[in-house]
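Structural overview
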Amino acid sequence: MSQAGTDPATENSAGKGTLRVVQLYPRDMNIYGDWGNALVLQRRISWHGYTPELLEYNVGDPFPEDVDIIVGGGGQDSGQLVIQDDLQARAGVLKDLAEDGAPMLVICGLYQLFGHFFKTRTGAVIPGIGILDVETHGTEERLIGNVKVATPEFGEVLGYENHSGQTTLGSGVRPLGSTPKGMGNNSSDGNEGARYRNIVASYLHGSLLPKNPAIADFLIRTAAERKYGRFVPGHPDDSYAELAREHAARRPR
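Remember, predicted model here, so these are calculated numbers, not experimental data.

Quick notes on the pattern of salt bridges
Where charged atoms from two side chains of opposite charge approach closely, those side chains can pair. Counted under the stated rule, the structure contains ten salt bridges. Between Arg20 and Glu53 there is a salt bridge, with the nearest N and O atoms lying 2.9 Å from each other. One end of the pair, Arg20, is in strand E1 (residues 18-24); the other, Glu53, is in strand E2 (residues 51-57), with 33 residues separating them in the sequence. Residue class for Glu53 comes out partly exposed when judged on its relative accessible area of 29%. A cluster of three or more residues bridged by salt bridges with shared partners is formed by Arg44, Asp217 and Asp238.

Examining the UniProt feature "domain: CobB/CobQ-like glutamine amidotransferase" (unreviewed entry) in the protein chain
The UniProt entry lists residues 21-212 under the feature "domain: CobB/CobQ-like glutamine amidotransferase" (unreviewed entry), expressed in the numbering used here. Between the first and last C-alpha atoms of residues 21-212 the distance is 18 Å; the span itself is 23% helix and 38% strand.

Things to note about the pairing of strand E3 (residues 69-72)
On E3, burial covers both faces: Ile69 and Val71 on one face and Ile70 and Gly72 on the other are all buried. Both E1 and E3 contribute to a ladder of four bridges, which runs parallel. Following the sheet pairing, Val22 is matched in E3 by Ile70. Strand direction decides the pairing type here: E3 and strand E4 (residues 104-107), joined by three bridges, are parallel. Looking at E4, one finds that Gly72 is bridged to Val106.

Things to note about the packing of helix H1 (residues 35-47) against helix H6 (residues 213-228)
Taken N-terminus to C-terminus, the directions of H1 and H6 make an angle of 65 degrees; their axes are 10 Å apart at the nearest point. In this view, H1 runs roughly perpendicular relative to H6, as classed from their interaxial angle. Pair H1 / H6 crosses with right-handed handedness. Contacts between H1 and H6 involve Val40, Leu41, Arg44 and Ile45 from the first element and Pro213, Ala216, Asp217, Leu219 and Ile220 from the second.

Considering empty space enclosed by the protein
By the definition in use, this model includes one cavity of 30 Å³ or more. Around the largest cavity, the lining residues are Asn146, Val147, Leu158, Gly159, Lys211 and Ala248. Of all the secondary structure elements, the ones that give two or more residues to the lining of the largest cavity are strand E7 (134-151) and strand E8 (155-169).

Digging into the layout of surface pockets
Counted as a void, the largest pocket has a volume near 230 Å³. Residue lining of the largest pocket: 16 residues in total, with Gly75, Gln76, Asp77, Arg142 and Ser164 positioned closest to the centre. Every element with two or more residues in the lining of the largest pocket is listed here: helix H2 (77-89), E7 and E8. With four residues, E8 is the largest single contributor of residues to the lining of the largest pocket. In the lining of the largest pocket, the residues fall into four nonpolar, nine polar and three charged. Computed from the structure, the second largest pocket encloses a volume of approximately 160 Å³. Taken together, Val40, Arg43, Arg44, Trp47, Leu209, Pro210, Pro213, Asp237, Asp238, Tyr240 and Ala241 form the lining of the second largest pocket. When contributions to the lining of the second largest pocket are tallied by element, the ones reaching two or more residues are H1, helix H5 (208-211) and helix H7 (239-250). Looking at which element gives the most residues to the lining of the second largest pocket, the answer is H1, with four residues. Of the residues that constitute the lining of the second largest pocket, the class distribution is seven nonpolar, no polar and four charged.

A word on the environment of His205
Note on placement: His205 falls in the loop between strand E12 (199-202) and H5. Put simply, His205 and Asp34 are 171 residues apart on the chain and 6.6 Å apart in space, counted from C-alpha to C-alpha. Apart from the residues lying within four places of it in its own chain, the contact partners of His205 are Tyr32, Asp34, Gly74, Ile107, Cys108, Gly159, Tyr160, Asn162 and Lys211.

Section: unusual backbone geometry
Outside of glycine, negative phi angles account for most residues, and trans bonds account for most peptide bonds. A cis geometry characterises the amide bond from Gly206 onward to Ser207, with omega recorded as -20 degrees. Within the secondary structure, Ser207 sits in the loop between E12 and H5. Located in the positive-phi region is Tyr25, a residue other than glycine, with phi close to 50 degrees. Positionally, Tyr25 belongs in the loop between E1 and H1. When its relative accessible area of 1% is taken as the criterion, Tyr25 is described as buried. Of note in the backbone geometry, Cys108 takes a positive phi value of approximately 50 degrees without being a glycine.

About the cut-offs
Counting starts from 1 at the beginning of each chain's written sequence and moves along it residue by residue. Totals for whole chains, interfaces and linings use every residue, but because this is a predicted model, local features are given only for residues with pLDDT of at least 70 and side-chain atom pairs only at 80 or more, for both listing and counting. Water and hydrogen atoms play no part in the side-chain values, which are based on all heavy atoms of the structure. Throughout this description, the term salt bridge denotes a Lys or Arg side-chain nitrogen within 4 Å of a carboxyl oxygen of Asp or Glu. Numbering of helices and strands starts at the N terminus; helices are DSSP runs of H or I of at least 4 residues and strands are runs of E of at least 2. Burial here depends on accessible area, computed with a 1.4 Å probe over protein chains only, as a share of the maximum for the residue type. Under 20% is buried, over 50% is exposed, and the range in between is partly exposed. UniProt positions are given in the numbering used here, feature names are shortened, and annotations may be inferred rather than shown by experiment. Strands were regarded as paired on the criterion that DSSP finds at least two bridges between them. Every angle, taken between N-to-C directions, lies between 0 and 180 degrees, and every axis is a line fitted to C-alpha atoms, over only the stretch in contact when it is a helix. Should an angle fall under 35 degrees it is taken as roughly parallel, and over 145 as roughly antiparallel, whereas 65 to 115 is taken as roughly perpendicular and any remaining angle as oblique. Crossing chirality is assigned from the near helix's rotation relative to the far helix, an anticlockwise turn below a right angle marking it left-handed and a clockwise turn marking it right-handed. Pairs of residues are marked as contacts when any of their non-hydrogen atoms sit within 4.5 Å. A cavity here means a set of points on a 1 Å grid, drawn over the protein atoms and nothing else, where a 1.4 Å probe fits but cannot get out; a pocket is an open set with protein on both sides within 12 Å along at least five of seven lines, and a residue lines either one if it has an atom within 4 Å of a point. Grid points are joined across faces, edges and corners, and a volume is the space filled by probe spheres set on the points. Three classes are used: nonpolar for Ala, Val, Leu, Ile, Met, Phe, Trp, Tyr, Cys and Pro, charged for Asp, Glu, Lys and Arg, and polar for all others, with Gly counted as polar.

As structure tokens, this is what we get:
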């Protein structure tokens with residue numbers, strides 16, 4: 001909660017520095033409100049006393065310099081086909097950022113394409129960029145509904161899944177958490193999402209970050225520590241997030 005009498009949206013007067021957030025392919029990979037994740041980061045960066053800079057990256061654009069946080073969303077198979085060549089062309093810079101510890105949030109379709117490949121229901125293979133040791137196979141079964149994820153890092157994570165691709169994790173990643181409600185990565189192993197270095201990958205839409213500020217603050221903290229050597233927190237207003245979590249937790253599957 002913010003302190004009484006203080007507008008948290010103006011708490012950047014301390015001049016702690018700028019954090020640059022890049023949303024990947026919002027034109028083609030933003031079908032379940034995933035742009036909301038970038039907007040949450042923009043607001044919470046400001047609440048923490050830093051200056052947010054929010055940029056879009058679409059197919060054919062020059063890739064931004066000095067990237068601090070990467071955010072990517074979901075898309076239909078057709079959207080993945082549109083971006084696949086451009087994503088392959090940017091694989092090197094994204095891999096370098098990942099290995100250098102840049103925080104990233106990739107949801108659904110871009111979660112799949114950050115892996116080794118996505119094989120569609122018809123047998124077509126869309127190659128991924130191999131940052132995450134995962135692979136995805138399209139199926140006739142659709143995993144859809146509200147999800148609760150028990151995570152060791154972020155507590156209970158709440159969201160909504162809607163996907164027919166089923167993802168399996170290799171030894172190079174660990175799951176984001178387990179699913180006491182919902183399916184997550186697939187219909188068999190009870191895990192959701194993937195974690196590698198400072199990357200959070202998940203199938204959860206909704207958008208994810210408005211209901212899960214702990215993940216948003218992880219991305220902001222690690223970005224500030226990577227860029228400035230330390231993170232100085234501000235006073236975010238979590239009242240609406242807490243209310244949204246209360247409602248989401250009561251929803252049936």
